[in-house]
There are 2 protein chains.
Amino acid sequence: MPEESPGFERATSVARSGADSTGPRRTGVYSSQVEEGWDILGNANGGYMLASVARACVAELERPDPVSVTAHFLSPGRPGPTSIEVDVQREGRRFSVASARLLDSEGRQLLSTLGAFSDLSDATGPLQIDAEPPDLPAPDECVGAPPPPESTDADLATAGPSFMNRVDLRLHPDDAGFREGRPSGRARVRGWFGFPDGSAIDTIGLLCVLDALPPTVFNSKLPLAWVPTLEFTAHIRCRPTSGWLACEFTTRVVSSGFLEEDGLVWDSEGKLVAQSRQLALVPRG
Amino acid sequence: MPEESPGFERATSVARSGADSTGPRRTGVYSSQVEEGWDILGNANGGYMLASVARACVAELERPDPVSVTAHFLSPGRPGPTSIEVDVQREGRRFSVASARLLDSEGRQLLSTLGAFSDLSDATGPLQIDAEPPDLPAPDECVGAPPPPESTDADLATAGPSFMNRVDLRLHPDDAGFREGRPSGRARVRGWFGFPDGSAIDTIGLLCVLDALPPTVFNSKLPLAWVPTLEFTAHIRCRPTSGWLACEFTTRVVSSGFLEEDGLVWDSEGKLVAQSRQLALVPRG
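A quick note: this is a predicted structure, and the numbers were derived from the prediction, not measured. Going along each chain's sequence as written, the residues are numbered from 1 onward. All chains are assigned letters beginning at A, and all ligands numbers beginning at 1, according to the order in which they are written. pLDDT decides what is reported in this predicted model: residues at 70 or higher carry local features, side-chain atom pairs at 80 or more are listed and counted, and totals for whole chains, interfaces and linings draw on all residues regardless. As a convention, hydrogens and water are excluded, and side-chain values are obtained from all of the structure's heavy atoms.

A.B. asks: Before we go on, may I ask you to explain the side chain of Arg170 of chain B in this structure?
C.D. replies: Residue and element names in this part refer to chain B. Its place among the elements puts Arg170 in strand E11 (residues 168–171). Residue classification places Arg170 among the buried positions, given a relative accessible area of 18%. Polar contacts, as counted here, are pairs of nitrogen or oxygen atoms within 3.5 Å of one another; within protein the pair requires one atom able to donate a hydrogen and one able to accept it, and residues that are adjacent in sequence qualify only if both atoms are side-chain atoms. Among the polar contacts listed, one links the side chain of Arg170 to the backbone oxygen of Pro139, at a separation of 3.4 Å. Separated by 3.3 Å, the side chains of Arg170 and Asp140 make a polar contact. Put simply, DSSP marks the helices as runs of H or I at least four residues long and the strands as runs of E at least two long, and each gets a number from the N terminus on. For each residue, the accessible area found with a 1.4 Å probe, counting protein chains only, is set against the maximum for its type, and the residue is called buried under 20%, exposed over 50%, and partly exposed in between.

A.B. asks: Any chance you could explain the pairing of E11 of chain B here in plain terms?
C.D. replies: Residue and element names in this part refer to chain B. A two-sided burial pattern is seen for E11, the buried positions comprising Asp168 and Arg170 on one face and Leu169 and Leu171 on the other. In this description, strands pair whenever DSSP reports at least two bridges between them. In terms of strand pairing, strand E10 (residues 143–144) meets E11 through two bridges, oriented antiparallel. Each residue of the ladder has a partner; that of Val143, found in E11, is Leu171.

A.B. asks: What's the story with the environment of Glu231 of chain A in this structure? I'm lost.
C.D. replies: All names here are of chain A. Inspection of the secondary structure assignment puts Glu231 in strand E13 (residues 229–236). For the pair Glu231 and Glu85, spaced 146 residues apart in sequence, the C-alpha separation works out to 19 Å. Of note is the side chain of Glu231, whose polar atom sits 2.4 Å from the side chain of Thr233.

A.B. asks: Whenever I open this one, the confidence of the model for chain A confuses me. Can you help?
C.D. replies: Low pLDDT means the predicted atomic positions in that stretch should not be read closely. Residue and element names in this part refer to chain A. For every residue, the predictor assigns a confidence score, pLDDT, that lies between 0 and 100. On average, residues of chain A score 91 in pLDDT, and 92% of them reach the 70 mark or higher. For residues 156–160, every residue scores under 50 in pLDDT, and the model assigns this stretch six contacts once sequence neighbours within four places are set aside. Quick note on the complex model: pTM equals 0.94, ipTM equals 0.93. The contact criterion used is simple: two residues touch if any of their non-hydrogen atoms lie within 4.5 Å.

A.B. asks: Sorry if this is basic, but what is going on with the packing of aromatic side chains here?
C.D. replies: The description of two aromatic rings rests on the distance between their centres and on the angle between their planes. Note on aromatic contacts: the rings of Phe and Tyr and the six-membered ring of Trp form a pair at centre separations within 6.5 Å, being stacked when their planes are under 30 degrees apart, edge-to-face when over 60 apart, and tilted otherwise. A full pass over the atoms with the stated rule returns 14 aromatic pairs over all chains. Every member of this aromatic cluster is reached through a ring pair, and the members are Phe8, Trp38, Tyr48, Phe163, Phe193 and Phe195 of chain A.

A.B. asks: I keep staring at the environment of Val265 of chain A and nothing clicks. Help me out?
C.D. replies: All names here are of chain A. Mapped onto the secondary structure, Val265 falls in strand E16 (residues 258–266). Residue class for Val265 comes out buried when judged on its relative accessible area of 0%. Measuring from C-alpha to C-alpha, the distance between Val265 and Arg190 comes to 9.9 Å, with 75 residues separating the pair along the chain. Those residues in contact with Val265, other than ones at most four positions away along the chain, are Leu206, Val209, Leu210, Leu245, Ala246, Cys247, Lys271, Leu272, Val273 and Ala274.

A.B. asks: Looking at this model, I keep getting lost on helix H2 (residues 46–61) of chain A. Mind explaining?
C.D. replies: Given 3.6 residues per helical turn, the α-helix brings residues three or four places apart onto the same face. Residues and elements named next belong to chain A. With 16 residues, H2 ought to run about 22 Å at 1.5 Å a step, and its terminal C-alpha atoms sit 22 Å apart, in line with that. Across the 16 residues that make up H2, a large majority, 15, are buried. You can read the cap of H2 off the contacts: a side-chain oxygen lies 3.0 Å from the backbone nitrogen of Gly47, and it is on Asn45. By definition here, a helix of n residues has an expected span of 1.5 Å times n minus one.

A.B. asks: Would you take a moment to explain the relation of the copies chain A and chain B for this structure?
C.D. replies: In this structure, two copies of a chain are linked by a rotation about an axis accompanied by a shift along it. After a rotation of 180° and a shift along the axis of 0.0 Å, chain A superposes on chain B with an RMSD of 0.0 Å. Given the turn and translation reported, the copies of this chain are related as if by a two-fold rotation axis. Residues of chain A ranked by C-alpha distance from the rotation axis are headed by Leu114 of chain A, positioned 3.4 Å from it. Both copies present the same face, since 100% of the interface residues in chain A are matched by interface residues at the equivalent positions in chain B. We place the copies in one frame by least squares, fitting the C-alpha atoms of every residue whose pLDDT is at least 70 in both.

A.B. asks: Could you clarify how one ought to interpret the interface of chain A and chain B in this entry?
C.D. replies: For interface size, the figure often reported is the accessible area lost on association. Contact residues are listed per partner, giving 62 residues for chain A and 62 residues for chain B. With both sides pooled, the region where chain A packs onto chain B buries about 5,500 Å², and carbon together with sulfur makes up 54% of that total. Among the residues chain A hides against chain B, the three largest losses belong to Gln128, Arg237 and Arg277 of chain A. Together they make up 14% of the total. Salt bridges are defined by distance alone: a side-chain nitrogen of Lys or Arg within 4 Å of a carboxyl oxygen of Asp or Glu. On the surface where chain A and chain B come into contact, there are four salt bridges. Note that Arg277 of chain B and Asp262 of chain A form a salt bridge whose closest N and O atoms lie 3.7 Å from each other. By residue number, the principal contributor to the side of chain A that touches chain B is strand E17 (residues 272–281) of chain A, which donates seven residues. Classes in brief: Ala, Val, Leu, Ile, Met, Phe, Trp, Tyr, Cys and Pro nonpolar; Asp, Glu, Lys and Arg charged; the others, Gly included, polar. Taken together, the residues of the side of chain A that touches chain B break down into 27 nonpolar, 21 polar and 14 charged. Where strand E15 (residues 253–255) of chain A and strand E9 (residues 128–129) of chain B come together, two bridges link them in antiparallel fashion. Note that in E9 of chain B the partner of Val253 of chain A across the bridge is Ile129 of chain B. Throughout, buried area stands for the accessible area (probe radius 1.4 Å) lost by two parts on being put together, summed over both.

A.B. asks: Help me understand the pattern of salt bridges in this model?
C.D. replies: When their charged atoms lie close together, side chains carrying opposite charge are able to pair. Inspection of every chain in the model, using the stated rule, returns 36 salt bridges over all chains. A salt bridge links Glu91 of chain A to Arg26 of chain A, with the nearest nitrogen and oxygen atoms 3.1 Å apart. Here Glu91 of chain A is found in strand E6 (residues 80–91), whereas its partner Arg26 of chain A is found in the loop between strand E1 (15–20) and strand E2 (27–34), with 65 residues between them in sequence. Given the relative accessible area of 46%, Glu91 of chain A is considered partly exposed. Residue classification places Arg26 of chain A among the partly exposed positions, given a relative accessible area of 32%. As a salt-bridge pair, Asp104 of chain B and Arg108 of chain B come within 3.1 Å of each other at their nearest N and O atoms. Judged by its relative accessible area of 13%, Asp104 of chain B is buried. Connected through salt bridges with shared partners, the residues Arg16, Arg26, Glu60 and Glu91 of chain A form a single ionic network.

A.B. asks: So what exactly am I meant to see when it comes to the state of the cysteines here?
C.D. replies: Residue and element names in this part refer to chain B. The rule for a disulfide is simple: a pair of cysteine sulfur atoms within 2.5 Å. Under the defined criterion, the tally for this structure stands at zero disulfides over all chains. As a non-bridged cysteine, Cys57 has Cys208 as the owner of its nearest cysteine sulfur, 17 Å distant. No disulfide involves Cys142; its sulfur sits 11 Å from that of Cys247, the nearest cysteine.

A.B. asks: Is there a simple way to think about the nonpolar core in this case?
C.D. replies: Inside soluble globular proteins, nonpolar side chains tend to come together where they are buried. As used in this record, nonpolar core signifies buried Ala, Val, Leu, Ile, Met, Phe, Trp, Tyr and Cys residues forming a set joined through side-chain atoms within 4.5 Å. Counting 145 residues, the largest nonpolar core has Phe193 of chain A together with Phe193 of chain B as the members making the most contacts within it. If we ignore the near neighbours within four places in the chain, the residues touching Phe193 of chain B are Val167, Asp168, Leu169, Ile201, Val209, Ala212, Trp244, Leu245 and Cys247 of chain B.

A.B. asks: Could you clarify how one ought to interpret unusual backbone geometry in this entry?
C.D. replies: Peptide bonds are, in most cases, trans, and in most cases residues other than glycine have a negative phi. Of note, Glu62 of chain A is a non-glycine position whose phi angle comes to about 55°, a positive value. Structurally, Glu62 of chain A can be placed in the loop between H2 and strand E5 (65–73). Glu62 of chain A gets classed as exposed once you look at its relative accessible area, which sits at 71%. Although it is not a glycine, Leu41 of chain B adopts a positive phi angle of roughly 55°. The residue Leu41 of chain B is located in the loop between strand E3 (39–40) and strand E4 (43–44) in this model.

Printed below as a string of structure tokens:
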């Protein structure tokens, strides 16, 4: 164990700063921060912000693991101090449910979330599976994640060290060609995920993993340069073992101005550890 | 148009009864009801209750259509008066976001929700699609939905007229054999959905459609008689045209004590109108 806490853990740390028990439900208030360098072209990564919110919920509910977490992204996050209000909805025998809000220092709401939390240390049950981990070349034969296609070196220099330096992404070579203007034609992105400092990924870290890869539509035949997320739901099945995580994100239906992006994340033992879906907008031209 | 309002619309009606503007956000309070006969063995159908909550959000936000709605089911709903608190999170140019809570007459919380609402009257955009409506025989060649497999006629008589009389479900013959102890072996259920009075299905009605079919796992090889829903998210793409809706629900991964159930709903013109995912629990024996 390194003496200093790993980058992700520090960057998503929270501290309870107060409580509000005047309403019908218990509300815990936490101080947190959007740390420098977790952005993509200036806006903090959504999964990174969601991880901080989940950490506050875990603390307030005293349940170690997120099981299902839904987020609506209301405003872009910038580096600086933030606060999190956790509103306890239900404390059950196995699961507790809380809603939460992430606010910046001016009181502007960045995220609104709703989630269920539990203890996944003994997550077991029957197995029936009609899916498998993606067929990925070894991490060293994959491609380090490129910056978003619309960016230029000048943009990146201005934005400072970005999210892509905080995570270690290795894309499947067949899915990385969009960087050079050669999308695969199939709305899918596969790759490995790790933290550069090699720190272990826990169930809160999985929330970051599930929002870390480039949008699937960068590989579609549609000329979409960005697809803002309207809603994101993560389902955490179990705690991952150490090592690289194999990720696959696909989009089946772009229609009526919307698209879904479905994610599957598998650990190094081949277990499904997380599943996600987000609803994104097709920007109007 | 019949003079009496159709069954579903009446059963999910809401009326604004108050507001709370003491907090930082606007909260609207609505009176509603769990009507008799929308239950399965005594517990009100989740999609039915969610439709009432969405109707209150639509009224409070003055946005006619749910786009993304997430629900956590906290307690079973029984017939009787209920109330809905709608907490406005954000009012944007195209989308507004609200959380809401459904409470019974004793103040017990039944549902906690988070959703985005908009106007889908002009939902358009590019189309790229890697999915198609299920291949269903004509409704008259399909099978009326059976009661859940663990029920007996005596149970149903006690429970009174149930949810299955409020909706008109016609299952694919290949997917209906679980009723006689012959599951197909694939965790999938396909069928048509309509309302028995022939009333049109709007975007709020789709929330009911997305939770109306028997669980996919009734067709799996796992001996699961019930699978309580932990979390349910509906994505509404556009307003359906009139006529039968073609539905397909599938489960890919049962693992670690959880399973996901994914739904696709297509209208009579072959357009994808809604998509859903729920996370359900595998009960511990």
